[in-house]
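Architecture and fold: a report
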Amino acid sequence: MFSYLTKDSRRHPPDLYNNVVEGLKKIYKLKILPLEEHYQFHDFHSPPLNDADFEAKPMILLVGQYSTGKTTFIKYLLEKDFPGIRIGPEPTTDRFIAVMHGEQESIIPGNALVVDPKRQFRPLSKFGNAFLNRFQSSVVNSEVLKSITIIDTPGILSGEKQRVDRGYEFTGVLEWFAERVDRIILLFDAHKLDISDEFRRSIEALRGHDDKIRIVLNKADMVDSQQLMRVYGALMWSLGKVLNTPEVARVYIGSFWDQPLNFDSNRKLFEAEEQDMFKDIQSLPKNAALRKLNDLIKRARLAKVHAYIISALKNQMPSVFGKEAKKKELVKKLGNIYAELQKEHQIPLGDFPDMKLMQEKLLQQDFDKFNTLRPKLLENVDIMLRDDISKIMQMIPREQEEHIENAPVQGGALNTLNDNPFGHGRGEGADAGSLQVEWVVEKDRFKFDAIFNRLNPVDGKITGAAAKSEMVKSKLPNTVLGKIWKLSDIDKDGQLDLDEFALAMHLINVKLEGHDLPSELPEHLIPPSKK
């Protein structure tokens, strides 16, 4: 419990709140929103926040040029398709898709999403029907989505394709999501590192949220080790020019799909990178409250600076004649106003909004509607930053430990983080897994018998190390091999009898033939020795 103090706490008893989210909602409505409304903050930057913004699950935003594997990445993570999925070498995802949890799988169109008060998408209505016709939610019954929401985006165009007019403010939509998501994943194809003009503008729209950005160099199995080093260096060089930050961005290298690796010499590297990325995703619910607090602080600081800018412009406007000419002059010399405010109020330069964007929006505004400075509104924000935020910070560690919704993300490919015998440095044993395919083990049994005997069985069993060495020859990713190992119900000592080995090898063949690996082994596929 904590209190929000006013100047005269004897006259105004402190408010009490039960959790961090309640506190953040109250802080915003009482301290920040009045400042935003008084200085038309929402016309320049971001729409007002509503309760759903604070209560929403953590969100992941996927951004990348077409055919970099964004949609395939989601399928790999969920281990299942989602309604509306389209995968191909040309631009296939032409819309923003919010992949969310639900018991009944369905597609909810954009116009229905933005009128639902329980969802956080209502402010997106400002981008108009052209956008809403390209926005939808895919509802999927997936354990992964019980903890997070994933936003798939249209493939960013390059070459002649980027001349196509999308009909809505694409970078504006990206900015809206960037402010509200917990993680931004930029995907690059190891064969297509060029950053098109539209991609550059999209990355620039994400500036100010560098702490959320993670880079994925996808399809890395398509090049050998030497080429991969060169590709990685080229990617870092290209990103350095666009991100324009001194910090080195975290880059995950791998092949995020369930097909055989083309070059598997970097298998251990891909596995380690995948595990790091999955752990980062799993931590999102635990750190969600801290992220919302951090974003609210950034918003409050921007709202303060915006108030100073608007009031400064208002003070320099003439009362009667020459208003339009003076307006153009002030917009042109906005840099001088920035410098004066920075010196007068000791504001860090990084807190000021982008000057070019601010100039563009100012030209469309009526300066007569601007307000002069109201110190009380600014003082309320200062009190909030000084006192209220520190009280909420003290609550966060306790909530992280107590609340079940802060548990790590589970399900899908994330379940392979533990007890995967194909993981580097992990044990031999594995828990029972799940699968659903149609095939008959006995029809190819003679092939598996020959391989089994070649692996020098002792007392009718081969070692787990020998089996894994044979299974790795398939070049399937470790996540897939781990599932097959679990499904085959290998003994806890890691040794395999002939039935278990035959089942594991046949499942590998099924996967290589292009079948998915669902979640439950049919009764007739259980080895006789296990019945």
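Every chain is numbered independently, its residues counted from 1 as its sequence is written. At least 70 in pLDDT is required for a residue's local features to be given in this predicted model, at least 80 for side-chain atom pairs to be given and counted, and no such filter applies to totals for whole chains, interfaces and linings, which use all residues. To obtain the side-chain values, all non-hydrogen atoms of the structure were included, while hydrogens and water were left out.

In the nomenclature of an unreviewed UniProt entry, the chain is known as Achaete scute target 1 of Larinioides sclopetarius.

1. Brief notes about empty space enclosed by the protein
Applicable threshold: The rule is simple: put a 1 Å grid over the protein atoms alone, call a set of points where a 1.4 Å probe fits but cannot get out a cavity, call an open set with protein on both sides within 12 Å along at least five of seven lines a pocket, and count a residue as lining if it has an atom within 4 Å of a point. Grid points are joined across faces, edges and corners, and a volume is the space filled by probe spheres set on the points. Every helix listed is a DSSP run of H or I at least four residues long, and every strand listed is a run of E at least two residues long, numbered separately from the N terminus. Gly is placed with the polar residues, together with every amino acid not listed as nonpolar (Ala, Val, Leu, Ile, Met, Phe, Trp, Tyr, Cys and Pro) or charged (Asp, Glu, Lys and Arg).
The full count for this structure, using the stated rule, is two cavities of 30 Å³ or more. When residues of the lining of the largest cavity are traced back to their parent elements, those giving at least two are α3 (51-55), α7 (170-180) and α11 (284-315). Per-element tally for the lining of the largest cavity: the top contributor is α11, with five residues. Residue composition of the lining of the largest cavity, by class: five nonpolar, one polar and eight charged. Approximately 130 Å³ is the volume found for the second largest cavity. Taken together, Tyr76, Gly254, Ser255, Phe256, Leu261, Arg267, Phe270, Glu271, Glu274, Pro477, Asn478 and Thr479 make up the full set of residues lining the second largest cavity.

2. Here we look at the packing of aromatic side chains
Let me state the cut-off plainly: Only centres within 6.5 Å qualify two rings of Phe, Tyr or Trp (six-membered ring in Trp) as a pair; their planes then separate them into stacked at under 30 degrees, edge-to-face at over 60, and tilted for everything else. For each residue, the accessible area found with a 1.4 Å probe, counting protein chains only, is set against the maximum for its type, and the residue is called buried under 20%, exposed over 50%, and partly exposed in between.
Per the stated rule, a full pass over the model turns up 20 aromatic pairs. Seen from their ring centres, Phe96 and Tyr168 are 6.5 Å apart, and the 65 degrees between their planes marks the pair as edge-to-face. Of this pair, Phe96 sits in strand β4 (residues 96-101) while Tyr168 sits in the loop between β7 (149-152) and α7, and the two are 72 residues apart along the sequence. Both residues of the pair, Phe96 and Tyr168, belong to the buried class. Here the aromatic rings of Phe121 and Phe135 are separated by 5.4 Å at their centres, their planes lie at 80 degrees, and the arrangement is edge-to-face.

3. Remarks on the sheet that holds strand β6 (residues 135-140)
Put simply, the rule reads: Each pair of strands is called paired provided DSSP finds at least two bridges between the two strands. Throughout, an axis means a line fitted to C-alpha atoms (over the contacting stretch in the case of helices), and angles, computed between N-to-C directions, take values from 0 to 180 degrees. Note on contacts: a residue pair is in contact if any heavy atoms of the two residues lie within 4.5 Å.
One open sheet accounts for eight strands, arranged β5-β6-β4-β7-β3-β8-β9-β10; its pairing is mixed. Among the strands making up the open sheet, the edge pair consists of β5 (106-109) and β10 (251-253). The average angle at which neighbouring strand axes cross in this sheet is 25 degrees, direction not considered. Against the sheet, helix α4 (residues 70-78) contacts β3 (59-64), β4, β7 and β8 (183-189), and its axis sits at roughly 160 degrees relative to β7. Docked against the sheet, helix α9 (residues 225-243) engages β8, β9 (213-218) and β10, running at close to 145 degrees with respect to β9.

4. Here's the deal with the pairing of β4
Of all the six residues making up β4, five are buried; the element is thus mostly covered by neighbouring parts of the structure. Bridging between β4 and β6 involves six bridges; their strand directions are parallel. Among the inter-strand pairings, Val99 is bridged to a residue of β6, identified as Ser138. As paired elements, β4 and β7 share three bridges and run antiparallel to each other. By the bridge assignment, Val99 is partnered in β7 with Ile150.

5. Some thoughts on the layout of surface pockets
Rolled over the atoms, a probe as big as a water molecule pinpoints where empty space is left. Of the volumes computed, that of the largest pocket is approximately 1600 Å³. Around the largest pocket sit 41 residues that line it, and Glu175, Ala205, Arg207, Asp354 and Leu357 are the ones nearest its centre. Within the residue set of the lining of the largest pocket, elements represented by two or more residues are α2 (41-44), α7, α8 (197-205), α11 and α14 (355-362).

6. Brief notes about α4
Residue pairs three or four apart in sequence face the same way in an α-helix, which turns once every 3.6 residues. Across the nine residues that make up α4, a large majority, eight, are buried. The complete set of buried residues in α4 reads Lys70, Thr71, Thr72, Phe73, Ile74, Tyr76, Leu77 and Leu78. The inward-facing, buried residues of α4 contact β3, β4, β7, β8, α10 (267-282) and α18 (478-487).

7. A closer look at the packing of α18 against helix α19 (residues 498-512)
What counts, and what does not: Roughly parallel here means an angle under 35 degrees, roughly antiparallel means over 145, roughly perpendicular means 65 to 115, and every remaining angle is called oblique. For a crossing to be left-handed, the near helix must be turned anticlockwise from the far one by less than a right angle; the clockwise case is right-handed.
With their axes 9 Å apart at the nearest point, α18 and α19 run at an angle of 140 degrees to one another. Judged on the interaxial angle alone, α19 and α18 are oblique. Regarding α18 and α19, the two cross each other, and that crossing is right-handed. Along its contact with α18, which presents Val480, Leu481, Ile484 and Leu487, the element α19 presents Leu503, Ala504, Leu507, Ile508 and Lys511. Broken down by class, the residue content of the contact of α18 with α19 amounts to eight nonpolar, no polar and one charged.

8. As for the side chain of Ser138
Formally: Here a polar contact means two N or O atoms within 3.5 Å. Within protein one must be a hydrogen donor candidate and the other an acceptor candidate, and residues neighboring in sequence count only if both atoms are side-chain atoms.
Residue placement: Ser138 occurs in strand β6. Residue Ser138 is classed as buried on the basis of its relative accessible area, which comes to 0%. Among the polar contacts made by the side chain of Ser138, one reaches the main-chain carbonyl oxygen of Pro83 at a distance of 2.5 Å. If sequence neighbours within four positions are ignored, Ser138 has contacts with Phe82, Pro83, Ile97, Ala98, Val99, Met100, Ser106 and Ile107.

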